[in-house]
Amino acid sequence: MDSKLTDKHISDDSLYRFPVSATSIVRIPIRLIVPNPAQPRKTFSDDSLSALADSIRRHGVLQPLLVRSIERHYELIAGERRLRAAAEAELDSVPCIIRSDNPCKSAELAIIENLQREDLNIFEEAEAIRTLIETCSLTQESAAAHLSCSQSYIANKLRLLKLPPDQRRKILEFSLTERHARALLRIKDNDERESVLSVIIKRGLNVAAAEEYIEEFICDKERAASAKRASRFDCDLKRRLLSRDMRLFYNSIDRAVESVRSCGFEVESTRRRAVDGTEISILIKSS
């Protein structure tokens, strides 16, 4: 059954008295609409917004925004780009469909609406998924069910957020892909990862070349660490052998002193630590 839509304007006086259904289209003043805190999109193209604003001046807002009522305002669920463009076009109000969703459902719809448009960058998408999980107290598995994707897809997206903001910015600025980002995550040290990212950007490495370079970098580091461990082991071994030999040397001296003493000679043996080593003194007294 088709829903009957209305095109009524909500004034300040009637804002809290006007009965609307979830399928009614009403005009709401732009100043009464607040952003959705779960909005995944963080950047908006100025040129794209200007083009949309120009279209709105000519034809109006053709697709209603989704909002929900909160206190004395309306929270945007979907349509922030249209809202921004309408404001740029100097409209006072925009057509909206009011839904009675809770914050969790509002966050879910905002994220799904943006994911379906497929023009979020990889980090906005990852942030959106994390926001959904935190807002709705979801597990990765339940988030995957909400978004109709696999749990591994969710896990891979969330891993991208381990990259610090400056590295995310460079990845986007130089049009690197999600596979570039995931390959970089193999490098745990932040400074080393920053250095490798700079090389990838400088050389303009594609995904395959970048993955090969990162593999070589990791292997070289492991070989260097192995050589360092071997060198340390050699030094420790030599130190242990020398310590053993010195103990044998001291024991030999002690046995020699005892042999002389057993022959009836009066012998005094002392050992003290000197500035640059150990000093051993043996005194055999005259008979």
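Residues numbered from 1 in each chain as written. Predicted model: local features only at pLDDT ≥ 70, side-chain atom pairs only at ≥ 80, totals over all residues. Heavy atoms only, no water.

**Structural notes on the overall build of the protein chain**
Here's step 1: Assigned secondary structure in the protein chain consists of ten helices and eight strands.
Here's step 2: Relative to its full complement of 287 residues, the protein chain shows a buried share of 35%.
Here's step 3: Across the protein chain, contacts joining residues at least 24 apart in sequence account for 63% of those joining residues at least 6 apart.
Here's step 4: With the model as given, the accessible surface of the protein chain reaches about 18100 Å², and the carbon-plus-sulfur share is 50%. (Helix = DSSP H or I, 4+ residues; strand = E, 2+ residues; numbered from the N terminus. Buried < 20%, exposed > 50% of the residue type's maximum accessible area, 1.4 Å probe, protein only. Contact = heavy atoms within 4.5 Å. Areas by Shrake-Rupley, 256 points an atom, 1.4 Å probe, with all protein chains shown as cover.)

**Some thoughts on the pattern of salt bridges**
Here's step 1: Under the counting rule described, the total for this entry stands at 17 salt bridges.
Here's step 2: Put simply, Glu80 and Arg84 hold a salt bridge, and the shortest N to O gap is 2.9 Å. With Glu80 and Arg84 both in helix H2 (residues 80–88) and four residues apart, this pair spans about one turn of that helix.
Here's step 3: Note that Glu194 is salt-bridged to Lys170, the shortest N-O span being 2.3 Å. Placement of Glu194 in helix H9 (residues 190–203) and of Lys170 in helix H7 (residues 165–173) is noted, with a sequence separation of 24 residues between them.
Here's step 4: Take Glu194: its relative accessible area is 17%, and that puts it in the buried class.
Here's step 5: Through salt bridges with shared partners, a single ionic network connects Glu125, Lys157, Glu178 and Arg182. (Salt bridge = Lys/Arg side-chain N within 4 Å of Asp/Glu carboxyl O.)

**So, the confidence of the model for the protein chain**
Detailed reading of the predicted coordinates is not advisable wherever pLDDT is low.
Here's step 1: In this model, the protein chain carries an average pLDDT of 82, and 87% of its residues clear a pLDDT of 70 or more.
Here's step 2: Across residues 1–21 the pLDDT falls below 50, and counting only partners more than four positions away or on other chains, this stretch makes 35 contacts in the model. (pLDDT = per-residue confidence, 0-100.)

**Some points on helix H6 (residues 151–159)**
Here's step 1: Among the residues of H6, Ile154, Lys157 and Leu158 are the ones counted as buried. For H6, the buried positions fall inside an angular range of 95° around the axis, keeping them on one side. (Arc of directions from axis to C-beta.)

**Thoughts on a nonpolar patch on the surface**
Here's step 1: Together, Leu242, Met246 and Phe249 make up an exposed nonpolar region whose accessible area comes to about 290 Å².
Here's step 2: Considering the arrangement of structural elements, one finds Phe249 in helix H10 (residues 207–262).
Here's step 3: For Phe249, a relative accessible area of 45% corresponds to the partly exposed category. (Patch = residues over 30% accessible without salt bridge, like charges linked within 9 Å, V, L, I, M, F, W, Y side chains within 5 Å.)

**Details of the pairing of strand E7 (residues 267–274)**
Sheet faces and side chains relate simply in a regular strand, where the side chains alternate between the two faces.
Here's step 1: Sheet analysis places E7 next to strand E8 (residues 277–284), joined by eight bridges and oriented antiparallel. The residue bridging Arg273 from the neighbouring strand is Thr278, located in E8. (Pairing = 2+ DSSP bridges.)

**Things to note about the environment of Arg57**
Here's step 1: For Arg57, the location among the structural elements is in helix H1 (residues 46–59).
Here's step 2: With sequence-adjacent residues up to four places away left out, Arg57 is seen in contact with Glu88 and Ala89.

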